[in-house]
Amino acid sequence: MKKLLITVGLILGIFYVALLIQGNGVLVFWGDGADQYMQFTTYAYEMIRNGDFSFWGSSLGLGANIFTMFFTVLGSPSFYLMLLCPSKELLVYAVAIIDVLRFLAVAVLAYLWLSKLVKNELARLLGTLAFTFCGWMMFWLHFPYFMDMFIYLTLILYLSEEILENRKKLLFSITIALIGILSLYQLYMITWLLFIYLMCRYFMINEKFVVKDFLSQFFKVLGYYVLGICLGAIIIVPSLLILMSTNRISIDSSSLFSILNMKDILRTITSVISPVSNDYDYNLFFSSISNGVSDGNTVYSYTTLLFPLLLPQLFFVKYKGKKVFASVIGILYLLLLFKFSYYLFNGNESIRWSFFFVVFNCMALAYILDNRDQWNKKVLYISGVFIFLSIITLFFLSRNLNLITPLNRQIQKYLIPCLLIVLTVQFIALVLKKDKLLIVVAMVEILVCFFARIYNGNSLIIAYGKEIWYYQGLIYYDEIMDSITAREQEDSFYRMEFNNTTNLGHNLALSNDFNGFSSYISIYNYYSTDFLMNRMGTKWYFGVQPSKFMIKNVLGNKYLVLEESDEVPYGYTKIETIKNKIIYENNNFLGLGYATSNLISKEKIQELPIFVQDYIMMQGIVIDKEITDSFVPTLPVQMEVDEENKSFKPNHDLNGYYFIDYSLDDPSSTCKLEMYYDSNSFDELQRYEVGYQAIKPTREYNDVFTYCVSENNPNHYSKTDIYWVSFESLDKLTNDWNNYDLFTNVVAKGDKISASIDITQNTKVVSTAIAFDPGWKVYADEKEVEVLKTNLGFVGFELAEGKHEITMVYTPPGYNVGKYITFGAFGLVIVGVVLRMIKKNKNSVN
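Residues numbered from 1 in each chain as written. Predicted model: local features only at pLDDT ≥ 70, side-chain atom pairs only at ≥ 80, totals over all residues. Heavy atoms only, no water.

Draft legend 1. Spotlight on the state of the cysteines. Scanning all chains against the criterion turns up 1 disulfide. Linked covalently through their sulfurs, Cys671 and Cys708 form a disulfide whose S-S length is 2.1 Å. Since a negative S-S torsion denotes a left-handed disulfide, the Cys671-Cys708 link at about 105° is right-handed. Placement of Cys671 in strand E18 (residues 670-677) and of Cys708 in strand E21 (residues 703-709) is noted, with a sequence separation of 37 residues between them. A single burial state applies to Cys671 and to Cys708, both of which are buried. With no disulfide partner, Cys362 has as its closest neighbouring cysteine sulfur the one in Cys134, 6.6 Å distant. The exposure class assigned to Cys362 is buried, which follows from its relative accessible area of 0%. Of all cysteine sulfurs, the one in Cys418 lies closest to Cys449, which takes part in no disulfide; the gap is 9.5 Å. (Disulfide = S-S within 2.5 Å. Helix = DSSP H or I, 4+ residues; strand = E, 2+ residues; numbered from the N terminus. Buried < 20%, exposed > 50% of the residue type's maximum accessible area, 1.4 Å probe, protein only.)

Shown next, in the form of structure tokens:
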């Protein structure tokens, strides 16, 4: 262990010192690291440090169950170390320090695990290094909570060996609980690995199969596994219900029994000699990206060059259970070629289950090194030459046949020569049995891989030559937030938005803790999908949509923060300028929600273009049931479109908007407009928004050509519907809102909202700006009322005429059930421990 700590300490020390020199110790990557991880972390940090933890995360897009954060940071043990930071601005510096601790924890646990498998110290040390600094860990440097999963993975491997020896069974259960709390998704994958690993190890240890002994071991492990699930049920049950409401676990039946294409097969084979240098295109020789689009999956299971170099020796060394182990590793790699394996072990087509191969690769490496006296020297020479020539051949082929991206073409120039030198020295050290040299070159290889990962092209946020304050200035807007909150009563309800269309803008609500609209989080509130999808975004990217200003009015938007060059939408008034940002206030703010008897059935609008749906929702409330005496809304003026020429003749009115809707064809289209005036002169405009976009004319045009290019097919122009809405029409719509009954005395704090409302004339339906979730309960005058889904995804309910005091309370679905299961499991553990102590005392007395 001492030699391991010195070796790993040197590697991590050199890595961190280099990081300090290059970037002041900041280890945050562009992409998910900057767009998601840091903003999730900031939100959770502020929430817990300020004592504002609640079950409803109002800053998660339109609002979501806070248990979605257990799929990101809240279940991460290392996140709680970040709470030691005195301010959110220092969180970026904590990432690298905690990463060092993560690697160290994995190394110690991996050494303990491999010590159960092999006796040779060199085998333990090199196996530990290969496991700790594997491609999987290097890949997830950009999203560190996955690295916490790897700590638990290593711990559960060690405890699996212990439980097979009938020891540390309770710790096994606790670790299962912690994995489930970290992420149910990770627990699902690790459960499959555990099943395969324990079966493999049982049959390796027990050469004779005895049914009674096997069943005894099986049910013992299963029982402690189930106990672990029960201990973590308070988090696991609500998380499971969230996951079941999403499409994250999906099966494409058309490709279920297909095999990988040739590119993916080549990527899989070459993954053993391809270090992970970035998290977008992680194979050095066969890119998974073509023309900027991902076209396949790539395993990131690199476990140092020692693994492919020594793998052929597996045929010659002998150790207990070799046939079982060789069969399992062979079957696993065979399963990698079939798509159904991805759905089975991963839940979808992703390749996050690559860690399966890291585990068995490192086991194979350890077994081979543990039996060095049995090696075939001739085969070692052949494998050394073969791997060397393979790297050189793949290097030239990948470059000459354009099989890689410019990013990896650049890193190849530096990384491939280093790998060849490392391979050569490793080979010499193995032949001459120079163990110290072998350890040193392993350290060098790991550092080369570290530097390749850190300095590869667009990796670190400091790679653009900017200081860290530049990045923080893009995600933290403290002065603006202070100014706006100073205008509002404490715990009042309103939404706001920054017109930041970059990826960093998606999660500004999280990093600044406000109620917004946009989000980039894969486990979001799927109960609002009917509203969100093809209107606010696609898949799980819900970015800023400036053209949706009309529908945002009915969802409580009050403030808009723009640049000077941004177009100010209808109904907003400038109130303040702070650091080149202008704050505007909505003149048509509807607050928490409104009540009206103007009801529209969802069934009647769901096939209409998205813009028409929004126009109708501005006149009433859409409810998810049939209506007998329905309100008849006004429809927007539709322009005649020449489909052949993709053009329309605009009117000569400058006081209004053209709304270009392509939602019925491809909502993810990018539109280019050519707007002609004075014969051949024209203005050109190109931009991307989901579903539809608003164009405010600045001059009188004769013809407008709209070329909306489909995201799914660049050669296809999406069919468009064009609508004209004048300011006069907008004035009429907003004036009609004066007939709505609005909330007063609103207090919105976490998972409890209280307000007053006076329903005039007759019974009406109320629609709030709170995203629908079955966990919401609504009480009118202390009596529970039925919750409706209104406006395609928001909490609504019906109220009779009169004044009412409303209380809305949120409890995550499954939370109470999970809580009782957890309490019961803890009670069972306590009883078990007490009985064991009593038994132990009796035995000692006797």
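Draft legend 2. Focus on the environment of Ile387. Tracing the chain through its elements places Ile387 in helix H17 (residues 377-400). Of the residues examined, Ile387 reaches a relative accessible area of 7% and is grouped as buried. Ile387 sits 36 residues away from Leu423 along the chain, and the two C-alpha atoms are 8.3 Å apart. Leave out the neighbours within four places in its chain, and Ile387 touches Ile273, Pro308, Leu309 and Leu423. (Contact = heavy atoms within 4.5 Å.)

Draft legend 3. Representation of the sheet that holds strand E10 (residues 581-586). The 4 strands are arranged E5-E8-E10-E9 in an open sheet whose pairing can be described as mixed. The two strands at the open ends of the sheet, each matched to only one other strand, are strand E5 (495-498) and strand E9 (572-578). Each adjacent strand pair in this sheet contributes to an overall mean axis angle of 20°, direction not counted. As paired elements, E9 and E10 share 6 bridges and run antiparallel to each other. Within the sheet, the bridge partner assigned to Tyr572 lies in E10 and is Asn586. (Pairing = 2+ DSSP bridges. Axes fitted to C-alpha atoms, helices over the stretch in contact; angles between N-to-C directions.)

Draft legend 4. Layout of the packing of aromatic side chains. Summed over all chains, the structure comprises 79 aromatic pairs. With a centroid separation of 5.9 Å and an interplanar angle of 65°, the aromatic rings of Tyr37 and Phe143 are classed as edge-to-face. Of this pair, Tyr37 sits in helix H2 (residues 32-49) while Phe143 sits in the loop between helix H6 (135-139) and helix H7 (145-164); the two residues are 106 residues apart in sequence, bridging distant segments of the chain. Under the relative-accessibility criterion, Tyr37 is labelled buried at 4%. Between Phe214 and Phe218, the ring centres sit 6.1 Å apart and the planes meet at 25°, which makes this aromatic pair stacked. Taken together, the positions of Phe214 and Phe218, both in helix H10 (residues 211-231) and 4 residues apart, correspond to about one turn of that helix. A residue is classified by how much of its surface remains accessible, and Phe214, at 15% relative accessible area, is buried. Above the plane of the ring of Phe517 lies Arg495, whose end atom (NZ or CZ) is 5.6 Å from the centre. The side chain of Arg699 reaches across the aromatic face of Tyr677, ending 3.9 Å from its centre. (Phe/Tyr/Trp six-rings, centres within 6.5 Å; stacked < 30°, edge-to-face > 60°. Lys NZ or Arg CZ within 6 Å of the ring centre and 35° of its normal.)

Draft legend 5. Structural context of the pattern of salt bridges. This model, assessed by the stated rule, comprises 29 salt bridges. A salt bridge links Lys88 to Asp478; its shortest N-O distance comes to 2.9 Å. Of this pair, Lys88 sits in the loop between helix H3 (77-82) and helix H4 (91-115) while Asp478 sits in helix H21 (residues 478-487); the two residues are 390 residues apart in sequence, bridging distant segments of the chain. The residue Glu165 makes a salt bridge to Arg167 at a minimum N-O spacing of 2.2 Å. One salt-bridge network, in which partners are shared between bridges, spans Lys116, Glu162, Glu165 and Arg167. (Salt bridge = Lys/Arg side-chain N within 4 Å of Asp/Glu carboxyl O.)

Honestly, it's all geometry; don't read function into it.
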